[in-house]
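Geometric and topological summary
If you want the building blocks of each chain, they are given just below.
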Amino acid sequence: MKTVSTNNAPAAIGPYSQAKIVGNLVFTSGQIPLCPATGEVVGANIEEQTGQVCKNLAAVLEAAGSGLDKVIKTTCFLADMADFAAFNGIYAQFFTEKPARSCVAVKALPKGVLVEVEVIAEL
């Protein structure tokens, strides 16, 4: 098992890593819309926040030797299911290979953000 770490994505804000590689699979931790340089929340709406989350995931996957085009499964957490359609609009721009997905609404997310996404990808 190998730990993935990159300065091009936000540092972990708890006792976890950005991702782990096991065999030929990459398991990312959930990414929220934080600026990698400052750790501040990026975006005031679901579209902006989803875009930043996807950029952060792309950076972690790149550091692992993978990419968004190799994502097998995503798990998506929304603070409000009313954002589902707008979230899908941005998500579809990044996940063009249409991986398997779960998407649920949750009571709250870290730092009060609107969205968090984790992925499993192949190398």
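See the structure shown above.
What you see is a predicted model; the values in this text were computed from it and never measured.

Before going further, it helps to spend a moment on helix α1 (residues 46–64). Between its first and last C-alpha atoms α1 spans 27 Å; for 19 residues at 1.5 Å apiece the expected length is 27 Å, and the two agree. One or two residues past the end of α1 sits G65, with phi positive at roughly 95°.

Here the focus is the sheet that holds strand β4 (residues 71–78). Pairing between sheet strands relies on hydrogen bonds along the backbone, with the strands arranged either parallel or antiparallel. Strand order in the open sheet made by the six strands is β1-β2-β3-β6-β4-β5, with mixed pairing throughout. Both outer strands of the open sheet, β1 (2–4) and β5 (100–105), are each paired with one neighbouring strand and no more. Between one strand and the next, the sheet's axes are offset by a mean angle of 15°, whatever the strand orientation. Pairing between β4 and β5: six bridges, direction parallel. Note that in β5 the partner of L78 across the bridge is A105.

In the structure shown here, the tally under the stated rule is two aromatic pairs. Pairing F87 with Y91 gives two aromatic rings, centres 5.4 Å apart and planes at 40°, and the pair type is tilted. In this pair, F87 and Y91 both sit in helix α2 (residues 84–94), four residues apart, roughly one turn of the helix. Overall, the relative accessible area of 8% leaves Y91 in the buried class. The ring of Y91 has R101 lying over it, and the distance from NZ or CZ to the ring centre is 4.7 Å.

Counting residues in each nonpolar core, the largest one holds 25 residues, and the members touching the most others are F87, F95 and V117. Mapped by element, the contributors of at least two residues to this core are β2 (19–22), α1, β4, α2 and β6 (115–122). Broken down by element, this core gets its largest block of residues, eight residues, from α1. Among all residues touching V117, those that are not within four sequence positions of it are S29, G30, Q31, V53, L57, T74, T75, C76 and F87.

Conventions used here
- Residues numbered from 1 in each chain as written.
- Predicted model: local features only at pLDDT ≥ 70, side-chain atom pairs only at ≥ 80, totals over all residues.
- Heavy atoms only, no water.
- Helix = DSSP H or I, 4+ residues; strand = E, 2+ residues; numbered from the N terminus.
- Expected span 1.5 Å × (residues − 1).
- Pairing = 2+ DSSP bridges.
- Axes fitted to C-alpha atoms, helices over the stretch in contact; angles between N-to-C directions.
- Phe/Tyr/Trp six-rings, centres within 6.5 Å; stacked < 30°, edge-to-face > 60°.
- Buried < 20%, exposed > 50% of the residue type's maximum accessible area, 1.4 Å probe, protein only.
- Lys NZ or Arg CZ within 6 Å of the ring centre and 35° of its normal.
- Core = buried A, V, L, I, M, F, W, Y, C linked by side-chain atoms within 4.5 Å.
- Contact = heavy atoms within 4.5 Å.

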